[in-house]
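# Close look at the chain arrangement
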Amino acid sequence: MDILMLGTGNAFAKKYYNNNALLCQNGFTLLIDCGITALLSLHQIGQPLDSIDAVLISHIHADHIGGLEEYAFRMKFQYRKRPVLYVPDKLAEPLWEHSLRGGLWQEQSQKLEDYFEVRRIREGVPAVLHDGLTVEIIRTEHIPGKISYSLLFNNSFFYTADMRFHPELVTDLVRNRGCVVFHDCQFVTPGEVHATLEELLTLPEDVQSKIYLMHYADDKDRYEGRTGRMKFIEQHVRYTISDGKVEPTAPSGP
Ligand SMILES: O=c1ccn([C@@H]2O[C@H](COP(=O)(O)O)[C@@H](O)[C@H]2O)c(=O)[nH]1
Ligand SMILES: [Zn+2]
Ligand SMILES: [Zn+2]
């Protein structure tokens with residue numbers, strides 16, 4: 001599978017945009033989270049909105065869902081399509097009632113389903129997104145009391161969607177399931193709602209070597225060379241994830 005980060009920055013990043021991604025497998029393109037900067041980033045890389053086959057939402061924070069209003073309006077009125085939205089079942093109602101309804105409500109469109117083909121997914125039940133692409137949502141701790149999920153694709157690629165340090169989970173996924181991990185990372189301590197670099201550096205080296213850092217702050221340059229065996233994932237670079245390895249995708253063509 002291939003992944004291209006539309007942004008690799010944290011909630012307030014200005015340089016690297018919000019931490020959203022395009023995941024591609026067997027010709028299927030999934031948008032992982034749709035934050036405030038997602039549509040600007042798609043525009044910059046020349047990716048048309050109607051080339052996205054589905055959107056998957058991890059939790060309700062603006063850097064993960066803040067672009068959904070524009071996406072919904074444009075798909076409805078510009079493209080005349082009702083795109084597929086995968087949403088954890090516990091988030092479907094709050095996504096509409098607490099976030100999208102304010103902007104999207106109009107007389108003839110009063111519910112999430114009026115804009116999206118809503119597919120609810122449940123914890124512990126892997127969902128088949130496409131031929132050769134499954135996702136399992138795993139509830140992970142982020143903001144106390146707030147529902148948030150990390151994502152396990154094809155039982156081999158773990159994408160944390162804003163989570164606090166959980167060394168047992170990450171170690172288990174790497175050592176026992178052979179996963180590679182894209183992990184959100186906060187530079188300043190204490191993390192409180194994210195794993196910090198200091199915490200991630202306490203992981204054993206074999207685990208670190210499978211971790212790629214994302215959701216970082218604009219002063220990332222200061223931390224180059226200070227991330228142990230972990231590497232930064234870069235915005236707008238396409239990576240191929242295969243056999244427990246992450247490599248920048250070789251350019252195609254002559
Ligand atoms: O209890 C809290 C709640 C929020 N914050 C700050 O807000 C952002 C939320 O956006 P994320 O996408 O989850 O990053 C978080 O990074 C904190 O900066 C907080 O500190 N404590
Ligand atoms: Zn975030
Ligand atoms: Zn968050």
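Before any of the text, the structure's been laid out above.
Fair warning: this is a prediction, and the values are worked out from it, not measured in the lab.

To continue, consider the coordination of the zinc ion (ligand 2). Four donors placed tetrahedrally around a metal ideally meet at 109.5 degrees, and six donors placed octahedrally ideally meet at 90 or 180 degrees. With distances of 2.1 to 2.3 Å, the protein atoms coordinating the zinc ion (ligand 2) are Asp-63 (OD), His-64 (NE2), Asp-162 (OD) and His-215 (NE2). The distance between the zinc ion (ligand 2) and the zinc ion (ligand 3) comes to 3.7 Å, and Asp-162 binds to both of them.

Once that is clear, we can look at the pattern of salt bridges. Under the counting rule described, the total for this entry stands at 13 salt bridges. The partner of Asp-50 in a salt bridge is Lys-81, with the nearest N and O atoms 3.9 Å apart. Linking Asp-50 in the loop between α1 (38–45) and β4 (54–56) with Lys-81 in the loop between α3 (68–78) and β5 (84–88), this pair joins segments that are 31 residues apart in sequence. Overall, the relative accessible area of 35% leaves Asp-50 in the partly exposed class. For Lys-81, a relative accessible area of 41% corresponds to the partly exposed category. In this structure, the salt-bridge partner of Arg-222 is Asp-219, at a minimum N-O distance of 3.2 Å. By sharing partners, the salt bridges in this structure join Lys-220, Glu-224 and Glu-234 into a single network.

Okay, the packing of α3 against helix α4 (residues 89–104) next. Relative orientation of the contacting elements α3 and α4 amounts to 55°, with a least axis distance of 10 Å. One finds that α3 runs oblique with respect to α4. When the axes of α3 and α4 are compared, the crossing they make is right-handed. In this structure, α3 uses Leu-68, Glu-69, Ala-72 and Phe-73 to contact α4, whose residues at the interface are Leu-95, Leu-100, Gly-103 and Leu-104. Split into classes, the residues belonging to the contact of α3 with α4 amount to 6 nonpolar, 1 polar and 1 charged.

Time to look at the layout of surface pockets. Quantified by volume, the largest pocket comes out at close to 290 Å³. When grouped by side-chain class, the residues that make up the lining of the largest pocket number 8 nonpolar, 6 polar and 3 charged.

Below, the discussion takes up the coordination of the zinc ion (ligand 3). For the zinc ion (ligand 3), the full set of protein donor atoms is His-59 (NE2), His-61 (ND1), His-142 (NE2) and Asp-162 (OD), at a range of 2.2 Å. One chain supplies every donor for the zinc ion (ligand 3), spaced along it as H-x1-H-x80-H-x19-D.

All right, on to the site of ligand 1 then. Taken together, Ala-11, Phe-12, His-61, Asp-63, His-64, His-142, Ile-143, Asp-162, Val-193, His-194 and His-215 make up the full set of residues adjacent to ligand 1. The side chain of His-142 places a nitrogen or oxygen atom 2.7 Å from an oxygen atom of ligand 1. With the chains in place, 65% of the 440 Å² that ligand 1 exposes on its own is no longer accessible. At a threshold of 2 Å from the grid points, most atoms of ligand 1 map onto the largest pocket. Here the shell around ligand 1 is composed, by residue class, of 4 nonpolar, 5 polar and 2 charged.

Before going further, it helps to spend a moment on the side chain of Asn-18. Note that Asn-18 resides in the loop between β1 (2–5) and β2 (21–25). A residue is classified by how much of its surface remains accessible, and Asn-18, at 2% relative accessible area, is buried. In this structure, Asn-18 is in contact with Leu-6, Gly-7, Thr-8, Gly-9, Asn-10, Ala-11, Gly-35, Ile-36, Thr-37, Ala-62 and Asp-63, ignoring residues within four places of it in sequence.

One can find Leu-68 in helix α3. Considered as a pair, Leu-68 and Leu-100 are 32 residues apart in the sequence and their alpha carbons are 7.7 Å apart. In this view, Leu-68 contacts Cys-34, Val-55, Ile-57, Leu-95, Leu-100 and Phe-116; residues no more than four positions away in its chain are not counted.

Another aspect to go through is the pairing of strand β12 (residues 211–214). Residues of β12 alternate between two faces, with Ile-211 and Leu-213 on one and Tyr-212 and Met-214 on the opposite face, all of them buried. As paired elements, strand β11 (residues 180–184) and β12 share 4 bridges and run parallel to each other. Looking across to β12, one finds that Asp-184 is bridged to Met-214. Pairing between β12 and strand β13 (residues 231–232): 2 bridges, direction parallel. Residue pairing for β13: Leu-213 is matched across the bridge by Phe-232.

Scoring rules and cut-offs
- Residues numbered from 1 in each chain as written.
- Chains lettered and ligands numbered in written order.
- Predicted model: local features only at pLDDT ≥ 70, side-chain atom pairs only at ≥ 80, totals over all residues.
- Heavy atoms only, no water.
- Donors = N, O, S within 2.8 Å, 3.2 Å for Na, K, Ca; no water.
- Salt bridge = Lys/Arg side-chain N within 4 Å of Asp/Glu carboxyl O.
- Helix = DSSP H or I, 4+ residues; strand = E, 2+ residues; numbered from the N terminus.
- Buried < 20%, exposed > 50% of the residue type's maximum accessible area, 1.4 Å probe, protein only.
- Axes fitted to C-alpha atoms, helices over the stretch in contact; angles between N-to-C directions.
- Parallel < 35°, antiparallel > 145°, perpendicular 65-115°, else oblique.
- Left-handed = near helix turned anticlockwise from the far one by under 90°.
- Contact = heavy atoms within 4.5 Å.
- Nonpolar A, V, L, I, M, F, W, Y, C, P; charged D, E, K, R; others polar.
- 1 Å grid on protein atoms, 1.4 Å probe; cavity = no way out; pocket = protein on both sides within 12 Å on 5 of 7 lines; lining within 4 Å.
- Points joined across faces, edges and corners; volume = space filled by probe spheres on them.
- Near = heavy atom within 4 Å.
- Polar contact = N/O pair within 3.5 Å; in protein donor to acceptor, adjacent residues only side chain to side chain.
- Areas by Shrake-Rupley, 256 points an atom, 1.4 Å probe, with all protein chains shown as cover.
- Sits in = over half its atoms within 2 Å of the grid points.
- Pairing = 2+ DSSP bridges.

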